[in-house]
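Observations on chain architecture
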Amino acid sequence: QAKVAGKDCFRFYSRSMDQAVERWVHLEQELRVAWERGQLSIAYQPVFRLGDGALVGAEALLRWNHPELGLVAPSVFIDVAEQTGLISVLGPQVLQAACADAATWCSAEGTEPLFVSVNVSPRQLRGGDLPDVVSRCLAETGLSPHCLHLELTETAVIGDEANASLMLDQLRATGVKVWLDDFGTGFSGLSHLRRVPVDGVKIDRSFVADILHDPDDLALTTAIIAMAHSLGITVVAEGVEKEGQYALLRERGCDLAQGYWLGHPLALPELLALIGQPTPPRA
Ligand code: C2E
Ligand code: MG
Ligand code: MG
Ligand code: MG
């Protein structure tokens, strides 16, 4: 009896593993042609300055509208792209498109230039040609380097500090700003900030989520802000979903913020409509 169950069990797992592999391979093949088929687009989430509530830039977030599956989460397809190496094609395409979009709003007259912030995956950083890819995108789109920010996760940098700081030095020398994304989740933040030259950190939204109720999360967030400022770098809070979080972060001296309470990721025309609008009064 047990033997039979065991056998069935094995068959079940092996079949579902086959299916998972099949789906994965399928997803990769579809992702390979998704760009040329117009299934990929970029959403822009507005980023605001806490001091005066002004719109200062936007984060580019890739969207895949799959013909059968609908919207596929970036956490799924970026992972596929990263694991299969497809990111080395997709990454530069996203960067180029985001720079081209930002060139239209960055040159808007009479307004403070708004930055575009583009996510860069660990593999792109390890590739070694990131500074060249960035320079080419800037040259081809005419975007000012000061309008471009790159977001790297801590995991991209960990264990690879020598190469990472070389890349980052080259990038920053051109005027591009570099931010550490999802800061605080890698348990390594403090020591890495000494060795890896960045312009800012983005506090992961898992810290921001509970600052109103969890004194530990508030203490950590406050400490990150203080530490970043003592190093002379900017702090961005992610995942601001409530007015109270915004007010508290502002009180603690956080520089910039983004989140659903402030603004969801938008299609380009919606972002452009937002630019130049008067700053809404906020807590
Ligand atoms: P991320 O860079 O940390 O981006 C922030 C994520 O948080 C986005 O998810 C955004 O939609 C979401 N978010 C923003 N405000 C809120 C909020 O108030 N509450 C909650 N719960 N979530 C909020 P999204 O667009 O699903 O992207 C997930 C991740 O996928 C990104 O995390 C980034 O790591 C990656 N990603 C997205 N686009 C790209 C890309 O073009 N290249 C690379 N390498 N990675 C990308
Ligand atoms: Mg990001
Ligand atoms: Mg993030
Ligand atoms: Mg995050």
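Fair warning: this is a prediction, and the values are worked out from it, not measured in the lab.

The next point concerns the coordination of the magnesium ion (ligand 3). Taken together, the protein ligands of the magnesium ion (ligand 3) are Asp 181 (OD), Asp 182 (OD) and Glu 238 (OE), with distances of 1.8 to 2.4 Å. Between the two metals, the magnesium ion (ligand 3) and the magnesium ion (ligand 2), the spacing is 3.7 Å, and Asp 181 donates to both. Classification of Asp 181 as buried rests on a relative accessible area of 5%.

Below, the discussion takes up the state of the cysteines. As used in these notes, a disulfide is a covalent bond between sulfur atoms, one from each of two cysteines. Within this structure, the stated rule accounts for one disulfide. At a sulfur-sulfur separation of 2.1 Å, the disulfide partner of Cys 106 is Cys 147. When the S-S torsion is -110 degrees, as for the bridge of Cys 106 with Cys 147, the disulfide is left-handed. Of this pair, Cys 106 sits in helix H3 (residues 87-106) while Cys 147 sits in the loop between helix H5 (130-141) and strand E5 (148-153), and the two are 41 residues apart along the sequence. The two residues Cys 106 and Cys 147 agree in class, both being buried. Cys 137 provides the cysteine sulfur closest to Cys 99, a residue in no disulfide bond, and the two sulfurs are 5.1 Å apart.

The next point concerns H5. Under the 1.5 Å per step criterion, the end-to-end length of H5 is 16 Å for 12 residues, consistent within 8% with the ideal 16 Å. Buried residues of H5: Leu 130, Pro 131, Val 133, Val 134, Cys 137, Leu 138 and Thr 141, and no others. In an axial view of H5, the angular spread of the buried residues amounts to 165 degrees, which keeps them on one side of the axis. Exposed residues lying more than 90 degrees from the buried face of H5 are Asp 132, Ala 139 and Glu 140.

Each donor-metal-donor angle in an ideal tetrahedron of four donors is 109.5 degrees, and each such angle in an ideal octahedron of six donors is either 90 or 180 degrees. Within the protein, the magnesium ion (ligand 4) binds to Asp 182 (OD), Asp 204 (OD) and Glu 238 (OE); these donor distances fall in the range 2.4 to 2.7 Å. The metal-metal distance between the magnesium ion (ligand 4) and the magnesium ion (ligand 3) is 3.0 Å, with Asp 182 coordinating both. Pair noted here: Asp 182 is in strand E6 (residues 177-183) and Glu 238 is in the loop between strand E8 (234-237) and helix H11 (243-251), with a separation of 56 residues, a long-range link. Take Asp 182: its relative accessible area is 26%, and that puts it in the partly exposed class. The class of Glu 238 is buried, set by a relative accessible area of 9%.

Calculation rules
Residues numbered from 1 in each chain as written. Chains lettered and ligands numbered in written order. Predicted model: local features only at pLDDT ≥ 70, side-chain atom pairs only at ≥ 80, totals over all residues. Heavy atoms only, no water. Donors = N, O, S within 2.8 Å, 3.2 Å for Na, K, Ca; no water. Buried < 20%, exposed > 50% of the residue type's maximum accessible area, 1.4 Å probe, protein only. Disulfide = S-S within 2.5 Å. Helix = DSSP H or I, 4+ residues; strand = E, 2+ residues; numbered from the N terminus. Expected span 1.5 Å × (residues − 1). Arc of directions from axis to C-beta.

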